[in-house]
Amino acid sequence: MKVKIFVIFMIIITAKILEPNAKESNSYVNWQEGVVVSMAEASVKLNEEGEVLYGDSTEKTSIANGRDMAYLKAKELAIEKAFLAIDEIPVDSNTTVGQLMESDRDIREKIYLYMNDYAKFREMPAGYLKERCRLELKLGYIIDALNIDFPEEPFPLRADRDIATRYTSLIIDTRGLKIKPLLMPSVFQEDGLEIYGKNKVNGKAAVKNLIISYTHSEAEALKHKKAGRRPFFCTALKSLNGNPVISKEDVKRIFSHNDNISYLKKCKVILIIDR
């Protein structure tokens, strides 16, 4: 199976076969759950007499073997579609995962290995003569494969701290700003100072939780596993290179308690974005 995955992977990388709409092709990124998802199906091969064939050969076989071969084909197609979705994932406002894979062999090989070792496959019913396969791969494996440095620089210090208030997460409403999900997003203060991003968070937490998680409503944000019991809500003022900008007053409140810096390091940040 490793050889087949590698062949599919190299065909996609070298030929750059791209589909215009991932969801229409049953491959997409679920940013709320932090996973790449793809689904594909294949039919049992039959001859003109309606007898089951073994794969693409003319050898006759049982319906059970025919279904097994159809599932393996569906699995290959699901892998191919997953790579297509991964290719288009934006790392930041200027770069996609596909561009990094194209220029860095080490990244290509790591993503291939992670797909082989960590992708979850599930067989799903599709009819008597059809098999369907659903693939799921955590985005954290993609982040890990990119060999990104997380230096854990200190967060900005505030001399004008407000009354200390402890929060469990940061939720920023960006609706109306057309902000799109990124693997390596940042949060800026209104004067342009970066107050949150890959250079400040813990690398292991970024791989496990993603630097920022994305939802489409307050209700979804509150239900998210990152939110905790006491999230701090604020509204983004504008977008800067595809990243939210928040007010100095909100930043002052966020940094009012040392424990809040701890949750930021653990990537407990959620954006509410447009659907």
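Above this text sits the structure in question.
Presented here is an overview of the structure given in this document. (Residues numbered from 1 in each chain as written. Predicted model: local features only at pLDDT ≥ 70, side-chain atom pairs only at ≥ 80, totals over all residues. Heavy atoms only, no water.)

Looking at the packing of aromatic side chains
Operational definition: Each Phe, Tyr or Trp ring (for Trp, its six-membered ring) is paired with any other whose centre lies within 6.5 Å, and the angle between the two planes then decides the class: stacked below 30 degrees, edge-to-face above 60, tilted in between. Each helix corresponds to a stretch of at least 4 residues labelled H or I by DSSP, and each strand to a stretch of at least 2 residues labelled E; elements are numbered beginning at the N terminus. Only Lys NZ and Arg CZ are tested; either one counts as a charge over a ring when it is within 6 Å of the ring centre and within 35 degrees of the ring normal.
Scanning all chains against the criterion turns up six aromatic pairs. Taking 5.6 Å as the distance between ring centres and 55 degrees as the angle between the ring planes, the aromatic pair formed by Tyr114 and Tyr118 counts as tilted. Highlighted residues: Tyr114 and Tyr118, both in helix 4 (residues 105–118), separated by four residues, approximately one helical turn. An aromatic cluster of at least three residues, connected via ring pairs, comprises Tyr114, Tyr118 and Tyr141. Against the face of Phe121 rests Lys75, its NZ or CZ located 4.5 Å from the ring centre.

Some thoughts on the pattern of salt bridges
Heads up, the rule is: Whenever Lys or Arg places a side-chain nitrogen within 4 Å of a carboxyl oxygen from Asp or Glu, that contact is recorded as a salt bridge. Residue exposure (1.4 Å probe, protein chains only): buried if accessible area is under 20% of the type maximum, exposed if over 50%, otherwise partly exposed.
Evaluation of the coordinates by the stated rule reveals 13 salt bridges. Across the pair Glu41 and Arg132 runs a salt bridge whose closest N-O atoms are separated by 2.9 Å. Here the residue Glu41 occupies a position in strand 2 (residues 35–43), and Arg132 occupies one in strand 4 (residues 130–138), the gap between them amounting to 91 residues. Among the residues examined, Glu41 registers a relative accessible area of 33% and is labelled partly exposed. Connected through salt bridges with shared partners, the residues Glu41, Lys130 and Arg132 form a single ionic network.

Side note on the environment of Thr215
The condition that has to hold: Contacts are residue-level and defined by heavy atoms, with any inter-residue pair within 4.5 Å sufficient.
With respect to the helices and strands, the residue Thr215 is situated in strand 8 (residues 213–215). The spatial distance from the C-alpha of Thr215 to the C-alpha of Pro181 is 9.8 Å, given a sequence separation of 34 residues. What Thr215 contacts, discounting residues up to four positions off in sequence, is Gln32, Glu220, Ala221, His224, Ile270, Leu271, Ile272 and Ile273.

Comments concerning the packing of helix 2 (residues 63–87) against helix 4
Inclusion rule: The convention used is that axes are lines fitted to C-alpha atoms, helices contributing only their stretch in contact, and that angles between N-to-C directions extend from 0 to 180 degrees. Oblique is the label for every angle not falling under 35 degrees (roughly parallel), over 145 degrees (roughly antiparallel), or within 65 to 115 degrees (roughly perpendicular). Each crossing is labelled by how the near helix is turned from the far one, with a counterclockwise turn of less than a right angle marking it left-handed and a clockwise turn marking it right-handed.
Contact geometry of helix 2 with helix 4 gives a least axis separation of 12 Å together with a crossing angle of 135 degrees. If you check the angle between helix 2 and helix 4, you find them oblique. With respect to the hand of their crossing, helix 2 and helix 4 are arranged in right-handed fashion. For the pair helix 2 and helix 4, the contacting residues are Ile79, Ala82, Phe83 and Ile86 in the first and Ile111, Tyr112 and Met115 in the second.

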